Amino acid sequence: MTIRTIGHGLAAQAVSAAVAKGEEAGYPVVAAIIGGGGELAALLRASGTPFPSSQIAQDKAYTAASFRVATPDVYKMVSGNPALSDGITVQPGIVMFGGGLPIVIDGEFVGAIGVSGGSEELDIACANAGLSAIGAEQQ
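Values in this document were obtained by computation on a predicted structure and should not be read as measured data.

Trainee: Account for the environment of Val19, with residues named and values stated.
Mentor: Examined against the element boundaries, Val19 turns out to sit in helix α1 (residues 8-25). Between the C-alpha atom of Val19 and that of Ser116, which follows or precedes it by 97 residues, the distance is 9.7 Å. Not counting chain neighbours up to four residues away, the residues in contact with Val19 comprise Val29, Ala31, Leu44 and Ala46.

Below is the structure:
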């Protein structure tokens, strides 16, 4: 089985659009793309973004790519089961707050975008700007 994944050109367009959306709102953000196979495809950090945001953006993208849902939906999936909820939160790279979205183009999952540096709402808006820039389904 071949894993389809986002190419570097689209990944670069998506992170550029996400970071531009943050700048437009007056906040520096980091945007990361994780491909369908779990690889880092692109990372762009605006000047002035808090240092932890680079890893958080990657973790958001990794989580959304792993579960193929928006990061807050992972929380919804596990919140009713304490053992599952406690277990998943200690796994490296798992984030369950907003800013990570799967990338679906023409109905096919090809990766995920994660944005960090602003409020949860701004991170989601920036991630959606990245999706819009490459013709992916927005969430």
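This is not the end of the story, as more comes after the structure.
Trainee: Before we move on, could you go through the packing of helix α2 (residues 52-67) against helix α3 (residues 71-78) and cite the residues and values that matter?
Mentor: Across the interface, α2 lies against α3 with an axial gap of 9 Å and an inter-helix angle of 60°. What the angle tells us is that α2 and α3 run oblique. In this structure, the crossing between α2 and α3 has a hand that is left-handed. On α3, the residues that touch Lys60, Thr63, Ala64 and Phe67 of α2 are Thr71, Val74 and Met77. Its residues assigned to classes, the contact of α2 with α3 comprises four nonpolar, two polar and one charged.

Trainee: Explain the pairing of strand β1 (residues 30-35) to me, and be specific about the residues and the numbers.
Mentor: Counting buried positions over the six residues of β1 gives six, a clear majority of the element. Side-chain alternation along β1 places Val30, Ala32 and Ile34 on one buried face and Ala31, Ile33 and Gly35 on a second face that is also buried. Of the strand pairs in this sheet, β1 and strand β2 (residues 40-45) are connected by five bridges, and their pairing is antiparallel. Considered in β2, the bridge of Ala31 is made with Leu44. In this structure, the hairpin formed by β1 and β2 is closed by a connection of four residues, where Gly38 is found at a positive phi of approximately 95°.

Trainee: Describe α1, naming the residues involved and giving the relevant values.
Mentor: In an α-helix, one turn spans 3.6 residues; hence positions three or four apart end up facing the same way. With 18 residues, α1 extends 26 Å from end C-alpha to end C-alpha; this agrees with the ideal 26 Å at 1.5 Å per step. Listing the buried residues of α1 in full gives Ala11, Ala14, Val15, Ala18, Val19 and Gly22. For α1, the arc enclosing every buried residue in end-on projection is 125°, short of the 170-degree limit, so these residues lie on one face. Structural note: α1 exposes Glu23 and Glu24 on the side pointing more than 90 degrees away from its buried face. Against β1, β2, β4 (108-116) and α5 (120-133) lie the buried residues of α1. Backbone geometry just downstream of α1 places Gly26 in the positive-phi region, at approximately 90°.

Trainee: With reference to specific residues and values, describe the sheet that holds β4.
Mentor: Strand order in the open sheet formed by four strands is β2-β1-β4-β3, with antiparallel pairing between adjacent strands. Of all strands in the sheet, those bounded by a partner on one side alone are β2 and β3 (100-105). Across this sheet, the average inter-strand angle for adjacent strands is 20°, counted without regard to direction.

Trainee: Kindly report on the packing of α1 against α5, identifying the contributing residues and their values.
Mentor: Where α1 meets α5, the closest approach of the two axes is 7 Å, and the angle between their N-to-C directions is 140°. Put simply, α1 runs oblique to α5. Note that α1 runs across α5; the crossing there is right-handed. Residues Gln13, Ala14, Ala17, Ala18, Lys21, Gly22 and Ala25 of α1 pack against Leu122, Ala125, Cys126, Ala129, Gly130 and Ala133 of α5. Class assignment for the residues of the contact of α1 with α5 results in nine nonpolar, three polar and one charged.

Definitions and limits used
Residues numbered from 1 in each chain as written. Predicted model: local features only at pLDDT ≥ 70, side-chain atom pairs only at ≥ 80, totals over all residues. Heavy atoms only, no water. Helix = DSSP H or I, 4+ residues; strand = E, 2+ residues; numbered from the N terminus. Contact = heavy atoms within 4.5 Å. Axes fitted to C-alpha atoms, helices over the stretch in contact; angles between N-to-C directions. Parallel < 35°, antiparallel > 145°, perpendicular 65-115°, else oblique. Left-handed = near helix turned anticlockwise from the far one by under 90°. Nonpolar A, V, L, I, M, F, W, Y, C, P; charged D, E, K, R; others polar. Buried < 20%, exposed > 50% of the residue type's maximum accessible area, 1.4 Å probe, protein only. Pairing = 2+ DSSP bridges. Expected span 1.5 Å × (residues − 1). Arc of directions from axis to C-beta.

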